[in-house]
Amino acid sequence: PYHRGKPNLRLNLMVSRVVETELPLVYLNMVGGQDDQVFDGSSMVLNRGGHLALQLPQFEEVVTHVDFHRGADGGWAADKGMIAPIPPIGEADYRACVMSLGDYMRKTGFKKAVLGLSGGIDSAIVAAIAADALGPENVRCVMLPSEYTSQSSLDDAQSAAENLGCRYDFVPISQGRQAITETLAPLFAGTTPDLAEENIQSRLRGLLLMALSNKFGEMLLTTGNKSE
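These figures come from a predicted structure and were not determined experimentally.

Engineer: I'd like a description of the overall build of the protein, backed by residues and values.
Structural biologist: Along its length, the protein carries six helices and 11 strands. The C-alpha radius of gyration of the protein comes to 25 Å, more than 25% above the 17 Å expected for a compact globule of 228 residues. In terms of overall dimensions, the protein has a C-alpha envelope of 90 × 40 × 30 Å along the principal axes. Of all 228 residues assigned to the protein, the portion counted as buried reaches 37%. Taking the contacts inside the protein whose residues are at least 6 apart along the sequence as the reference set, 67% of them involve residues at least 24 apart. Entry remark: accessible area of the protein is about 13,400 Å², with carbon and sulfur atoms responsible for 57%.

Here is the structure:
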């Protein structure tokens, strides 16, 4: 399966086998997502000496025909074929995310996704991945602001959803957060507000997003910050 930098690691391993055996090598790899793994293809053919005769594209299903001929020394070699470029790491990582999400959704029967769109980078990237994997018409972006949410966050979230072509819903959480705070007030009496109160916002957002997921059959996508 794919991980960052895998093509170079894989090529080095294959070259070492060819040098060791003095035989040509055909490396075949699956393309697609399977649970929490994603396979990137990049199948290849190496001739003796580690010379690349064929390199299929990354993250694309391709069928090709390979001819082998016997040389004057009696050894076999593959005729030269397609040499597809390996995309830069950033592009490969993104395509891995798109492919794995799309395949996971198809194999589990989900057709639509929902996510919380905050106006930040993390949720915007998740929305873009979802739109590319499923089509923007199948993605619901939900802004769940509190009284602490800045206007710039509201504007950025709406712009991101509109630019991607996704549905955008606006669901304020202030009243719900206040109700929970009042419910906990007798137990929290005499304490200083801290992380416990802050986390009520994120957990309330999770509750509301899961309610939308359950009601409409849309898989909830996590949009955790890079530090989480």
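Engineer: Kindly report on the sheet that holds strand β5 (residues 51-55), identifying the contributing residues and their values.
Structural biologist: Pairing between sheet strands relies on hydrogen bonds along the backbone, with the strands arranged either parallel or antiparallel. The sheet built from three strands is open, its strands ordered β1-β4-β5 with antiparallel pairing. Every other strand in the sheet has two partners, leaving β1 (25-27) and β5 as the edge strands with one partner each. Taken over all neighbouring pairs, the strand axes of this sheet differ in orientation by 20 degrees on average, direction set aside. Sitting on the sheet, helix α1 (residues 6-21) is in contact with β1 and β4 (44-47), with an inclination near 35 degrees to β4.

Engineer: Provide a residue-level description of unusual backbone geometry, including the pertinent values.
Structural biologist: Notably, serine 42 is not glycine yet its phi reads approximately 60 degrees, a positive angle. Despite not being glycine, phenylalanine 59 has its phi angle at roughly 65 degrees, a positive value. For phenylalanine 59, the position within the fold is in the loop between β5 and β6 (68-70). By relative accessible area, which is 5% here, phenylalanine 59 ends up buried.

Engineer: Could you give me a rundown of the packing of helix α5 (residues 174-188) against helix α6 (residues 195-216), with the residues and numbers involved?
Structural biologist: Orientation of α5 relative to α6, taken along the N-to-C sense of each, is 140 degrees, at an axis distance of 11 Å. Compared by their axis directions, α5 and α6 come out oblique. For the crossing formed where α5 meets α6, the hand is right-handed. Along its contact with α5, which presents Gly176, Arg177, Ile180, Leu184 and Phe188, the element α6 presents Glu197, Ile200, Gln201 and Leu204. For the contact of α5 with α6, the class distribution of residues is five nonpolar, two polar and two charged.

Engineer: Describe the environment of valine 15, listing the residues and the values that go with them.
Structural biologist: Within the element layout of this structure, valine 15 appears in helix α1. Assessed through its relative accessible area of 24%, valine 15 is described here as partly exposed. Between the C-alpha atoms of valine 15 and arginine 48, which are 33 residues apart in sequence, the distance is 8.7 Å. Residue contacts for valine 15: discarding those within four places in its chain leaves Leu46 and Gly50.

Engineer: An account of the packing of aromatic side chains is needed here, citing residue identities and associated values.
Structural biologist: Any aromatic ring pair is given by two values, namely how distant the centres are and how the planes are angled relative to each other. One pass over the structure, following the stated rule, counts one aromatic pair. Seen from their ring centres, tyrosine 2 and phenylalanine 59 are 5.4 Å apart, and the 65 degrees between their planes marks the pair as edge-to-face. One end of the pair, tyrosine 2, is in the segment before α1; the other, phenylalanine 59, is in the loop between β5 and β6, with 57 residues separating them in the sequence. A single burial state applies to tyrosine 2 and to phenylalanine 59, both of which are buried. Over the face of the ring belonging to phenylalanine 216 we find arginine 140, whose NZ or CZ atom lies 4.6 Å from the ring centre.

Engineer: Pulling in residues and values, what's your account of helix α3 (residues 121-134)?
Structural biologist: The end-to-end C-alpha separation of α3 is 20 Å, in line with the 20 Å expected for 14 residues at 1.5 Å each. Burial analysis of α3 places 10 of its 14 residues in the buried class, which makes it a mostly covered element. Buried residues of α3: Asp122, Ser123, Val126, Ala127, Ala128, Ile129, Ala130, Ala131, Ala133 and Leu134, and no others. Residues of α3 that are buried in the fold lie against α2 (89-108), β8 (112-116), β9 (139-143) and α4 (151-164). Once α3 ends, the next one or two residues include glycine 135, with phi positive near 90 degrees.

Engineer: I'd like a rundown of the side chain of glutamine 201, residues and numbers included.
Structural biologist: Secondary-structure assignment places glutamine 201 in helix α6. At a separation of 2.6 Å, a polar atom in the side chain of glutamine 201 contacts the side chain of serine 146.

Quick notes on the rules
- Residues numbered from 1 in each chain as written.
- Predicted model: local features only at pLDDT ≥ 70, side-chain atom pairs only at ≥ 80, totals over all residues.
- Heavy atoms only, no water.
- Helix = DSSP H or I, 4+ residues; strand = E, 2+ residues; numbered from the N terminus.
- Rg over C-alpha atoms; globule rule 2.2 N^0.38 Å.
- Buried < 20%, exposed > 50% of the residue type's maximum accessible area, 1.4 Å probe, protein only.
- Contact = heavy atoms within 4.5 Å.
- Areas by Shrake-Rupley, 256 points an atom, 1.4 Å probe, with all protein chains shown as cover.
- Pairing = 2+ DSSP bridges.
- Axes fitted to C-alpha atoms, helices over the stretch in contact; angles between N-to-C directions.
- Parallel < 35°, antiparallel > 145°, perpendicular 65-115°, else oblique.
- Left-handed = near helix turned anticlockwise from the far one by under 90°.
- Nonpolar A, V, L, I, M, F, W, Y, C, P; charged D, E, K, R; others polar.
- Phe/Tyr/Trp six-rings, centres within 6.5 Å; stacked < 30°, edge-to-face > 60°.
- Lys NZ or Arg CZ within 6 Å of the ring centre and 35° of its normal.
- Expected span 1.5 Å × (residues − 1).
- Polar contact = N/O pair within 3.5 Å; in protein donor to acceptor, adjacent residues only side chain to side chain.

Such coordinate-based values are descriptive only and should not be taken to indicate function.
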